[in-house]
Amino acid sequence: MTALRKLRRGPATTGPFQRFLASPLVWLLVAFNVGVLVWILLSSTKTTRELIAAPWALPHTIHWDNYARAWSAGNFGPAAINSVVLVTATAAATIALAAPAGYALSRLGARSASPMTSFFAIGLGVPAQAIFLPLYAVMSQLGLVDSLWGLWLLYTATSMPFAVFFLTGFFRSLPAELEEAAALDGATSWYTFWRIMLPLARSGIITLVLLNVIGHWGETFFALVFIQTQSLQTLPLAMLGFIQQMQYSGADWGGMFAGIAIVVLPLVALYVWLGRRIIEGMTLGSGK
């Protein structure tokens, strides 16, 4: 009853004045982000002279060769394959480890469940800059520096705090009566999780996969520290290498913006396609 009263009082806390201020700010932020994306796309089809002379004007001629030049000069082909494999493997491993852990913390009822959930939540506040030196020392001794395997392990490990914390809350929002009915039918805990609860958590899992992909597709810090070989570079590192080439071969601003578009557009397309899933999953996961 207390929860119902809180839910009923919730909408009343947002008055007309707050909505009057919040709505324009949200739309202003959306317009700014869309404007930046459109400007990058338009700049990627201009020549360097056009960008310097009229950076805000529309291009006189569409120069699609900027994309071909950026793709070849930046070595984006192998880098794109590395990024796709790395991001896909990281998302799969994160779900495979975080889903059972989140379900156990939300349902087993052990006294240590809440402290362990808090322990994972604390991991969200640890900055990457504070741990990369000990991580580099350990991974160097294990021979995992300058290796996609090592970067995959690193990405998976750093994804676990948020993944477990998120899925724990999501599994708590699912009805426990289904598990009780499955137990009465003689189903084991593993069978209940795999055949009943995991399919019900599909929205949360899809949301977590999308957030994981978005977070690691453009990740630069760990990749820059742990990868030195050009053939193992990811797309962000290839983009940085292409920008460094401009220092010696002359400014190619059209090609640089084309390279930025190559890195950014897959994420934009993914979000436009499945953005509603992210909102749906995060809304359902906050039910309890």
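Going along each chain's sequence as written, the residues are numbered from 1 onward. Only residues with pLDDT of at least 70 get local features here, since the model is predicted, and only at 80 or more are side-chain atom pairs given and counted; chain-wide, interface and lining totals rely on the full set of residues. The basis for every side-chain value is the complete set of non-hydrogen atoms in the structure, without hydrogens or water.

Looking only at helices and strands, the protein features 14 helices and 0 strands. Per the convention used, a helix needs a DSSP run of H or I reaching at least four residues, while a strand needs a run of E reaching at least two, with both numbered from the N terminus. Tracing the protein from N to C terminus, the helices and strands come up as α-α-α-α-α-α-α-α-α-α-α-α-α-α. Throughout this description, buried means an accessible area under 20% of the type-specific maximum (1.4 Å probe, protein chains only), exposed means over 50%, and partly exposed covers the range between. The burial tally for the protein puts 36% of its 288 residues in the buried class. For the protein, long-range pairs separated by at least 24 residues make up 75% of all intrachain contacts whose partners lie at least 6 apart in sequence. When the accessible surface of the protein is summed, it comes to about 17,200 Å², and 70% of that surface belongs to carbon and sulfur atoms. Whether two residues are in contact is decided by their heavy atoms, any of which lying within 4.5 Å being enough. Only the protein chains shown count as covering a residue, and every accessible area follows the Shrake-Rupley method with a 1.4 Å probe.

Chain-level statistics for the protein give a pLDDT mean of 82 and a share of 84% at 70 or above. In the model, residues 1-12 has pLDDT below 50 throughout and makes 0 contacts with residues more than four positions away in sequence or in other chains. Each residue carries a pLDDT score, the predictor's own confidence in it, on a scale running from 0 to 100.

Moving on: the packing of aromatic side chains. Pairing of aromatic rings covers Phe, Tyr and Trp, the last counted by its six-membered ring, and requires centre-to-centre distances within 6.5 Å; plane angles under 30 degrees mean stacked, over 60 mean edge-to-face, and any other angle means tilted. Evaluated as defined, the whole model comprises 17 aromatic pairs. Ring geometry for Phe222 against Phe226: centres 6.1 Å apart, planes inclined by 45 degrees, an arrangement best described as tilted. Taken together, the residues span about one helical turn, with Phe222 and Phe226 both in helix H12 (residues 221-226) at a distance of 4 residues. When its relative accessible area of 1% is taken as the criterion, Phe226 is described as buried. Three or more aromatic residues link up through ring pairs in this structure, and these residues are Tyr103, Phe171, Trp190, Phe193 and Trp194.

For Asn75, which is not glycine, the phi torsion reads 55 degrees and is therefore positive. Relative to the helices and strands, Asn75 resides in the loop between helix H4 (65-73) and helix H5 (76-107). Its identity as a non-glycine residue notwithstanding, Asp146 has a phi of 60 degrees, on the positive side. Along the polypeptide, Asp146 turns up in the loop between helix H7 (132-141) and helix H8 (148-172). The exposure class of Asp146 is partly exposed, given its relative accessible area of 23%.

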